[in-house]
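Observations on chain architecture
This is what each chain is made of:
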Amino acid sequence: QSRGLGSSAAAAVAGVAAANGLAGFPLDDAQVVQLSSAFEGHPDNAAASVLGNAVVSWTEIPVDGRTHPQYKAVSIPVHPSIRAFALVPAFHASTEAVRRVLPSDVTHVDARFNVSRCAVMTVALQHHPELLWEGTRDRLHQPYRADVLPVTAEWVNRLRNKGYAAYLSGAGPTCMVLTTGDGVDEKSLQDARDAGLRVMELPVAGPVAVTVH
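The text that follows walks through the structure, step by step, so that each part is easy to find. (Residues numbered from 1 in each chain as written. Predicted model: local features only at pLDDT ≥ 70, side-chain atom pairs only at ≥ 80, totals over all residues. Heavy atoms only, no water.)

Re the overall build of the protein
Secondary structure assignment for the protein yields nine helices and six strands. Viewed in the frame of its principal axes, the protein has a C-alpha envelope of about 50 × 45 × 35 Å. Within the span of the protein, comprising 213 residues, buried residues form 35% of the whole. Residue pairs in contact within the protein that sit at least 24 positions apart in sequence constitute 64% of those at least 6 positions apart. As displayed, the protein has an accessible area near 11,900 Å², and 56% of this comes from carbon and sulfur atoms. Once the 17 positive and 20 negative side-chain charges of the protein are each reduced to a mean point, those two points are 4 Å apart. (Helix = DSSP H or I, 4+ residues; strand = E, 2+ residues; numbered from the N terminus. Buried < 20%, exposed > 50% of the residue type's maximum accessible area, 1.4 Å probe, protein only. Contact = heavy atoms within 4.5 Å. Areas by Shrake-Rupley, 256 points an atom, 1.4 Å probe, with all protein chains shown as cover. Lys, Arg positive; Asp, Glu negative; His and termini not counted. Charge placed at Lys NZ, Arg CZ, Asp CG, Glu CD.)

A look at unusual backbone geometry
Within the chain, Ser2 stands out as a residue other than glycine whose phi angle is a positive 55 degrees. Structurally, Ser2 is set in the segment before helix H1 (7-22). Look at Phe25: it is not a glycine, yet its phi comes out positive at around 60 degrees. One can find Phe25 in the loop between H1 and helix H2 (29-40).

Describing helix H3 (residues 44-51)
For H3, the complete set of buried residues consists of Ala46, Ala47, Val50 and Leu51. Taken around the axis of H3, the buried residues stretch over an arc of 115 degrees, which confines them to a single face. Those residues of H3 that are buried are in contact with H1, H2, strand S1 (54-60) and strand S2 (70-76). At the exit of H3 stands Gly52, carrying a positive phi of roughly 75 degrees. (Arc of directions from axis to C-beta.)

Describing the nonpolar core
General note: in soluble globular proteins, nonpolar side chains tend to be found buried as a group. Ala54, Ile82, Ala86, Met121, Leu125, Leu132 and Leu178 are the most contacted members of the largest nonpolar core, which has 15 residues in total. Of all the secondary structure elements, the ones that give two or more residues to this core are strand S3 (83-88), helix H5 (108-126) and strand S5 (175-179). Not counting residues within four places of it along the chain, the set of residues in contact with Met121 comprises Leu132, Gly135, Thr136 and Leu178. Core analysis: the next-biggest nonpolar cluster, separate from the first, contains 13 residues, Phe85, Trp155, Ala166 and Val184 among them. (Core = buried A, V, L, I, M, F, W, Y, C linked by side-chain atoms within 4.5 Å.)

What about the packing of aromatic side chains?
All told, the structure shown has zero aromatic pairs when counted by the stated rule. If you follow Arg139 out to its NZ or CZ, it ends over the ring of Phe113, 4.0 Å from the centre. (Phe/Tyr/Trp six-rings, centres within 6.5 Å; stacked < 30°, edge-to-face > 60°. Lys NZ or Arg CZ within 6 Å of the ring centre and 35° of its normal.)

Notes on the sheet that holds S3
Ordered by their spatial adjacency, four strands build an open sheet running S4-S5-S3-S6, and the pairing between neighbours is antiparallel. Edge strands, defined here as strands with exactly one partner in the open sheet, are strand S4 (165-168) and strand S6 (198-202). Direction aside, neighbouring strands of the sheet carry axes that sit 20 degrees apart on average. With four bridges connecting them, S4 and S5 associate as antiparallel partners. Residue Leu168 lies in a different strand from S5, and its bridge partner there is Cys175. This element, helix H8 (residues 150-161), spans S3, S4 and S5 of the sheet and lies at about 165 degrees to S4. (Pairing = 2+ DSSP bridges. Axes fitted to C-alpha atoms, helices over the stretch in contact; angles between N-to-C directions.)

And the structure:
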């Protein structure tokens, strides 16, 4: 919890999914995404917990200003060779506190850079995992958060300098690494453990499932 791994959204999805099961499953996936996303005000983490795999999500803002936002998402398959490793520091990060270091305005150059990398990342996840390093480059939030998350920044930079697609997970402080083949080399993982980080290999999960007994 409080490590940038989407635990609050997962908890919201668990509650909505359990209630849906107890009620006889009257809600479809889109409605579960809507209800669980409303708890956070954005659909990215909640939609991932509902739909599984990777997701593309967005918010439709009503023009009349009276109706509630509509949270939308679609699941996209993840290339079977991709593996995910989380390097989790032994301290919490407040999403609100870390968000306060972000600037209110960004340059057009930086915005254009990130839009292009979003497109690269979508292709990398599905078909071209060799592009993961390029797809995880960022100019909109990680540089600003580096000063308040120095441990995370150190590990992101250390792993990226070795060619790994490492990045700040959510608001942090977890450092996430996407890789293929043999994964992250054992020396790097042991160095992380020695530094007090918890190392976990995370599976690419499927959609939320409710088992009724």
